[in-house]
Amino acid sequence: MNRNFSSHLLAVFLFLLCSQQLFAQAPDRSPWVFTVDGGAAHQSNADLDDSDGGFAVDRWFVSAGLDYGWSPRDSIGVSIGTGKSSYDFDENVTIGDEAPWEDIEDSRVALVGRFGFGETGSVIVIPSVRQYREDGASSSDSRTYGFLAAAFWRINDSLTIGPGLGAFSRLEDSTRVFPILAIDWDISERWNLSTGRGLAASQGPGLTLSYQLNPAWSFGLTGRYEEVEFRLSEEGSVPNGIGRDQALPLVVSARLQPSPKISVSAFMGVELGGKLTLMNEVGDTLAESDYDPAALFGATFDFRF
């Protein structure tokens, strides 16, 4: 991991911890809620199974959102985010004719609606527009659209559960559809199983099993499926091509929440089942390679005004 990544990670922690009292004292009476969240992650070098050498990745992402809630169960908001994934391939890597890509830029806009129905039901809908592209790639050719929706019911004081669905367009004009389990289950006074979030690139929620040590500290185990697809540069070895990175990250985390308005967490784990794919501009596969399990660690933050 490079020094810039380490210094940025440390700065995030110091800022959040020093801001604890500011957020703890802010009143929460307005129907408007402003949020800022993000984080950074490092994937250590992973050897490629079908090519010489390997690669590592540094990722960062930050987003801001504004929500208006006209009742405890009804709100609508917008979220805007940006980030970057920097791939560092070994010099001898050849997927296709050479190292397939370098820095991938990520930007997105999403609307978030939460609405109650009946006495215990709720629905959440999240349409989004995303753009993943290498520097020099066409913006219009890098755009995809997504939609997440789930309906859930409060069964009792310990369990809220319901089904959901995610649908995301792909750059080669196909669509990926997958089911979602929306759940928030207090298994006991300290243990909870819930729909979890990933860092930035995730196109769907995973599951998190967490343990509440005390009001401020909790620890968790999260698993999820990640798939990121991006448009390649017009000047690269595959002009206007498509890259795809798939993996199953499994991480443990420690989360500090000194007040309802601020939280920061650190995580570490492993990327399993990784695979890189290189395609031409219409989605025909040119080369692909599985990659070995790789260590993964980083930090996230979340605070609201």
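Thresholds, definitions, all that
- Residues numbered from 1 in each chain as written.
- Predicted model: local features only at pLDDT ≥ 70, side-chain atom pairs only at ≥ 80, totals over all residues.
- Heavy atoms only, no water.
- Helix = DSSP H or I, 4+ residues; strand = E, 2+ residues; numbered from the N terminus.
- Buried < 20%, exposed > 50% of the residue type's maximum accessible area, 1.4 Å probe, protein only.
- Contact = heavy atoms within 4.5 Å.
- Areas by Shrake-Rupley, 256 points an atom, 1.4 Å probe, with all protein chains shown as cover.
- Patch = residues over 30% accessible without salt bridge, like charges linked within 9 Å, V, L, I, M, F, W, Y side chains within 5 Å.
- Salt bridge = Lys/Arg side-chain N within 4 Å of Asp/Glu carboxyl O.
- Core = buried A, V, L, I, M, F, W, Y, C linked by side-chain atoms within 4.5 Å.
- Phe/Tyr/Trp six-rings, centres within 6.5 Å; stacked < 30°, edge-to-face > 60°.
- Pairing = 2+ DSSP bridges.
- pLDDT = per-residue confidence, 0-100.

A.B. asks: Where do I start with the overall build of the protein chain in this structure?
C.D. replies: When its secondary structure is counted, the protein chain shows two helices and 16 strands. Burial statistics for the protein chain: of 305 residues in total, 45% are counted as buried. The contacts in the protein chain between residues at least 6 apart in sequence include a share of 57% that link residues at least 24 apart. Total accessible area on the protein chain is roughly 15700 Å²; 57% of this is exposed by carbon and sulfur atoms.

A.B. asks: It is not clear to me how the environment of tryptophan 101 should be interpreted in this structure. Could you clarify?
C.D. replies: Relative to the assigned elements, tryptophan 101 resides in the loop between strand 3 (74-89) and strand 4 (103-117). When its relative accessible area of 2% is taken as the criterion, tryptophan 101 is described as buried. Counting along the chain gives 33 residues from tryptophan 101 to glutamate 134, while the straight-line C-alpha distance between them is 7.3 Å.

A.B. asks: What is the right way to look at a nonpolar patch on the surface in this model?
C.D. replies: On the surface, Trp185, Ile187, Trp191, Leu209, Leu221, Tyr225, Leu248, Leu250, Val252, Met268, Leu272 and Phe297 cluster together to form a nonpolar patch covering roughly 1000 Å² of accessible area. The element best represented in the nonpolar patch is strand 13 (residues 242-259), accounting for three residues. Here phenylalanine 297 lies in strand 16 (residues 294-304).

A.B. asks: Can you help me understand the nonpolar core in this one?
C.D. replies: One broad trend across soluble globular proteins is that nonpolar side chains are buried collectively. By size, the foremost hydrophobic cluster in this structure holds 21 residues, and its most contacted members are Phe55, Tyr87, Trp101, Phe230 and Leu276. Those elements that place two or more of their residues in this core are strand 2 (54-71), strand 3, strand 12 (226-231), strand 14 (262-279) and strand 15 (285-291). Not counting chain neighbours up to four residues away, the residues in contact with tyrosine 87 comprise Phe55, Ala56, Val57, Arg59, Trp101, Glu102, Asp103, Ile104, Phe230 and Asp245.

A.B. asks: In this structure, what is going on with the packing of aromatic side chains? I would like to understand it.
C.D. replies: Each pair of aromatic rings is reported with the distance of its centres and the angle of its planes. Going through the model one piece at a time under the given rule, you end up with 18 aromatic pairs. Judged by centre distance (6.3 Å) and plane angle (40°), the ring pair of tryptophan 70 and phenylalanine 115 falls under tilted. Note that tryptophan 70 is positioned in strand 2 and phenylalanine 115 in strand 4, a separation of 45 residues in sequence. A centroid spacing of 5.9 Å and a plane angle of 80° characterise the contact between phenylalanine 89 and tryptophan 101, whose relative ring orientation is edge-to-face. Residue phenylalanine 89 is located in strand 3, and its partner tryptophan 101 is located in the loop between strand 3 and strand 4; the two are separated by 12 residues in the primary sequence. Within the aromatic cluster, the residues linked to one another by ring pairs are Phe55, Tyr87, Phe89, Trp101, Phe230 and Tyr291.

A.B. asks: What is the right way to look at the pattern of salt bridges in this model?
C.D. replies: This model, assessed by the stated rule, comprises 12 salt bridges. With its nearest N and O atoms 3.8 Å apart, the salt bridge here joins arginine 176 to glutamate 227. Here the residue arginine 176 occupies a position in strand 8 (residues 175-186), and glutamate 227 occupies one in strand 12, the gap between them amounting to 51 residues.

A.B. asks: Looking at this structure, I do not really get the pairing of strand 15. What am I missing?
C.D. replies: Along any regular strand the residues' side chains alternate between the sheet's two faces. For strand 14 and strand 15, the ladder comprises six bridges, and the chain directions are antiparallel. The residue of strand 15 that forms the bridge with leucine 276 is serine 289. Counting the residues in the hairpin turn of strand 14 and strand 15 gives five residues, including glycine 283, whose phi is positive at 95°.

A.B. asks: Would you take a moment to explain unusual backbone geometry for this structure?
C.D. replies: Most peptide bonds take the trans form, and the phi angle of most residues other than glycine is negative. One non-glycine residue, asparagine 240, lies in the positive phi region at around 60°. Along the chain, asparagine 240 falls in the loop between strand 12 and strand 13.

A.B. asks: Mind showing me how you'd approach the side chain of serine 210 here?
C.D. replies: Structurally, serine 210 is set in strand 10 (residues 206-212). In this structure serine 210 comes out as buried when scored by relative accessible area, which is 18%.

A.B. asks: For this particular structure, what's the right way to read the confidence of the model for the protein chain?
C.D. replies: Parts of the model with low pLDDT should not have their predicted coordinates read in detail. Looking at the protein chain, pLDDT values average 86 and 87% of them are 70 or higher. In the model, residues 2-27 has pLDDT below 50 throughout and makes 31 contacts with residues more than four positions away in sequence or in other chains. Below pLDDT 50 for its whole length, residues 199-203 participates in 28 contacts with residues either more than four positions away or in separate chains.

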